[in-house]
Amino acid sequence: MSLKRVVVTGLGALTPLGNTYEETWQAMINGVSGAAPITNFDTTNFKTKFACEVKGYNPLDHFDRKEARKYDPCAQLGMVAADMAIINSGLDLEKVDLERIGVIWGSGIGGLKTFSDEMAEFASAGTGIPRFNPFFIPKMIADITAGHISIKYGFMGPNFTTVSACASSTNAMADAFNYIRLGKAEVFITGGSEAAVYEAGVGGFNAMHAISMRNDDPTKASRPFDKNRDGFVMGEGGVALIFEEYEHAIARGAKIYAEVIGTGLSGDAHHMTAPHPDGAGAAKAMKDAISDAGITLQDIDHINTHGTSTPVGDIAEPKAILRVFGDHAKDIYVNSTKSMTGHLLGAAGAIEGMAVIMALHDGIIPPTINFEEKDPNIDYDAIKFVFNKAVKADIEIALSNTFGFGGHNASIIFKKYRK
């Protein structure tokens, strides 16, 4: 059985850098930080008081008041992004087979605000009587965004959500890619959303010493691969991509942004939260993606790293890159767009996949901003890092990495579209 080609025909985004994918991309290539003081809640008693929030978003611009109450912010952001991507793709839903269109979404946490609010209300009542909102469970569960997208448009193809912490939306894209090339569907709405910049999210990550506390200068806080990094910056948002079978896209005259050519998944089998110190699992995911794509190591031109700005992770990933690519790492443009977007957790793979697609499409590599001082544990001479300023480069094949708590590693490879 021959595998079908898979292309990207639509993009939609609601992120800390912009309320469309175009705004987000322009901010990326201009090196803009999305970090700012948190507005979602009162941070007076919190160690970290900033994050990369979505700005200027009003749910009532997209949903009526009754609808908005039914959806957690995580679902709202995902649904808005999906709507944008569907419109951007030019899909005429009256002329396609809805049974052959599916939704595979990624979210690491799901409806954290809903869960926190309901439990706080229960505790504050002090009665011990379990009176909960009937929407509590359906608003909270991580899979519900995929369900809502399917319900809104009548998509009856495969429908589910992948949950693998920060790797969630890359896992979702990998599944969408595989279902299409195996002939299980023609189109998938894929990507991810996350909305965890609330008390439980910030407080929980503070307790782990995982997020930055650079409250005096939030825009400089996310600094992947810099010696003075002190943790990641939490982000939120929704990013959707339309994956489509090539012949189906050509038949309807779709605009094609890039081709998807391979994925690789692995487990660290090492630690609950820390990556393997030598990057063994990450290296396996990259190697498997390259093998799956049927290309050579030398074909990779660009890597958008997981690059979270954590002390341990930012040492392990360059080791993994060198482990896989050796001397060729000097020829690969390596960056981390998390320096600008913050870490969108389960939606990280989606926004970074979008960044890679646009880098291929426009021939520009966004920078890793805030780099100031070298870390003696990172070999900067062996890897072509893109620091502080975007680089123009006519690249052909690019890889995006996302690694999650639990040792979940996922890599996906995109190729510049050629007919």
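Data block above holds the structure.
The rules we used
- Residues numbered from 1 in each chain as written.
- Predicted model: local features only at pLDDT ≥ 70, side-chain atom pairs only at ≥ 80, totals over all residues.
- Heavy atoms only, no water.
- Helix = DSSP H or I, 4+ residues; strand = E, 2+ residues; numbered from the N terminus.
- Salt bridge = Lys/Arg side-chain N within 4 Å of Asp/Glu carboxyl O.
- Buried < 20%, exposed > 50% of the residue type's maximum accessible area, 1.4 Å probe, protein only.
- Expected span 1.5 Å × (residues − 1).
- Pairing = 2+ DSSP bridges.
- Core = buried A, V, L, I, M, F, W, Y, C linked by side-chain atoms within 4.5 Å.
- Contact = heavy atoms within 4.5 Å.
- Patch = residues over 30% accessible without salt bridge, like charges linked within 9 Å, V, L, I, M, F, W, Y side chains within 5 Å.
- Areas by Shrake-Rupley, 256 points an atom, 1.4 Å probe, with all protein chains shown as cover.
- Polar contact = N/O pair within 3.5 Å; in protein donor to acceptor, adjacent residues only side chain to side chain.

**Examining unusual backbone geometry**
The phi angle of most residues is negative, glycine excepted, and most peptide bonds adopt the trans form.
No. 1: Residue S309 is not a glycine yet carries a positive backbone phi of 85°.
No. 2: As for its position among the elements, S309 is in the loop between β9 (302-304) and α11 (313-325).

**Considering the pattern of salt bridges**
No. 1: Summed over all chains, the structure comprises 16 salt bridges.
No. 2: We note a salt bridge from D314 to R229, for which the minimum N-O separation is 3.7 Å. Of the two residues, D314 sits in helix α11 while R229 sits in the loop between α8 (199-207) and β7 (237-245), which places them 85 residues apart along the sequence.
No. 3: One salt bridge connects D375 with R229, and the closest N-O pair in it is separated by 3.0 Å. Of this pair, D375 sits in the loop between β11 (364-365) and β12 (384-385) while R229 sits in the loop between α8 and β7; the two residues are 146 residues apart in sequence, bridging distant segments of the chain. Taken as a pair, D375 and R229 share a single burial class, namely buried.
No. 4: Residues joined in a network through salt bridges with shared partners are R223, D226 and E372.

**Things to note about helix α7 (residues 168-181)**
No. 1: Between its terminal C-alpha atoms α7 stretches 20 Å, which fits the 20 Å expected from 14 residues at 1.5 Å a residue.
No. 2: Within α7, 11 of the 14 residues are buried, which leaves the element mostly enclosed by the surrounding structure.
No. 3: All of the buried residues along α7 are S168, S169, T170, N171, A172, M173, A174, A176, F177, I180 and R181.
No. 4: Just downstream of α7 lies G183, where phi reads positive at about 85°.

**Quick look at the sheet that holds strand β6 (residues 187-194)**
No. 1: Across the sheet, which stays open at both edges, the 11 strands sit in the order β5-β4-β6-β7-β1-β8-β15-β14-β9-β10-β12 with mixed pairing between neighbours. Single-partner strands in this sheet number two, and they are β5 (159-162) and β12.
No. 2: Bridge analysis of strand β8 (residues 258-267) against strand β15 (residues 408-415) gives eight bridges, and the strand direction is antiparallel. When the sheet's bridge partners are listed, T263 is paired in β15 with I412.

**Structural notes on the pairing of β8**
No. 1: Of all 10 residues that make up β8, eight are buried, and the element is covered over most of its length.
No. 2: With three bridges joining them, strand β1 (residues 6-14) and β8 adopt antiparallel strand pairing. Paired with V6 across the two strands is V260, which belongs to β8.

**Notes on the nonpolar core**
Nonpolar side chains in soluble globular proteins generally cluster together in the buried interior.
No. 1: Of all hydrophobic cores here, the largest spans 46 residues; its most connected members are L11, F243 and F414.
No. 2: With nine residues, the top contributor of residues to this core is helix α13 (residues 348-362).
No. 3: Excluding residues that lie within four positions of it along the chain, F414 makes contacts with V8, M173, F243, E259, V260, G353, V356, I357, L360, E396, I397 and A398.
No. 4: In this structure, C74, L77, V96 and A240 belong to the second largest nonpolar core, which totals 30 residues.

**Details of a nonpolar patch on the surface**
No. 1: On the surface, M1, L3 and L182 cluster together into a nonpolar patch covering about 360 Å² of accessible area.
No. 2: Positionally, M1 belongs in the segment before β1.

**Quick notes on the pairing of β6**
No. 1: Most of β6 is tucked away: eight of the eight residues are buried.
No. 2: Two elements, strand β4 (residues 101-106) and β6, share six bridges in a ladder whose sense is parallel. Pairing of G102 across the sheet is with F188, part of β6.
No. 3: Pairing geometry for β6 and β7, over eight bridges, is antiparallel. Within β7, the position partnered with G191 by the bridge is A240.

**A closer look at the side chain of S411**
No. 1: Tracing the chain through its elements places S411 in strand β15.
No. 2: In terms of polar contacts, S411 uses its side chain to reach the side chain of N401, at 2.6 Å.
No. 3: Sequence-distant contacts of S411, that is, excluding residues within four places in its chain, are made with T170, G262, T263, G264, A285, M286, A289, L399, S400 and N401.

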